[in-house]
Amino acid sequence: GVNGAGLGFAIVGASSIFAIWKAKESIDINYYKTLGKPIFGSAVMGIIVFLLRNFLPVNFISVIIISVSGIVSYFLILISLEPNLLNLFKSILKK
């Protein structure tokens with residue numbers, strides 16, 4: 001059930017940290033450059049979703065509005081922080 005999925009996610013996350021730590025021994029990784037922008041985008045998206053959740057009624061349409069707002073805000077923030085990301089998306093869609 002849901003608890004099992006959460007436990008599985010936690011195990012995979014923990015094993016990913018171990019893999020990143022082992023890779024750090026061989027490769028120089030700039031964690032701020034790699035993770036800073038996605039974490040910032042996630043935080044802003046989380047704030048937007050949280051605020052919308054508090055102001056919209058609880059129904060199916062609200063869930064759709066909140067979900068789409070979260071997705072759009074995350075991608076707009078990432079594209080504004082990393083303009084080359086838009087070109088990458090365009091090249092992937094052309095294939």
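Residues numbered from 1 in each chain as written. Predicted model: local features only at pLDDT ≥ 70, side-chain atom pairs only at ≥ 80, totals over all residues. Heavy atoms only, no water.

(A) Highlighting the overall build of the protein chain. Scanning the protein chain for helices and strands turns up four helices and zero strands. Each helix and strand of the protein chain, placed in order from N terminus to C terminus, yields the pattern α-α-α-α. Taking 2.2 N^0.38 as the reference for a compact globule, 95 residues should give roughly 12 Å; the C-alpha atoms of the protein chain span a radius of gyration of 17 Å, well beyond that estimate. In terms of overall dimensions, the protein chain has C-alpha extents of about 50 × 40 × 30 Å along its principal axes. Counting only residues that meet the buried cut, the protein chain has 9% of its 95 residues in that class. (Helix = DSSP H or I, 4+ residues; strand = E, 2+ residues; numbered from the N terminus. Rg over C-alpha atoms; globule rule 2.2 N^0.38 Å. Buried < 20%, exposed > 50% of the residue type's maximum accessible area, 1.4 Å probe, protein only.)

(B) Expanded view of the environment of isoleucine 64. Tracing the backbone shows isoleucine 64 in helix α3 (residues 60-81). The partly exposed category is assigned to isoleucine 64, whose relative accessible area is 39%. C-alpha of isoleucine 64 to C-alpha of tyrosine 31: the two residues are 33 residues apart in sequence and 33 Å apart in space.

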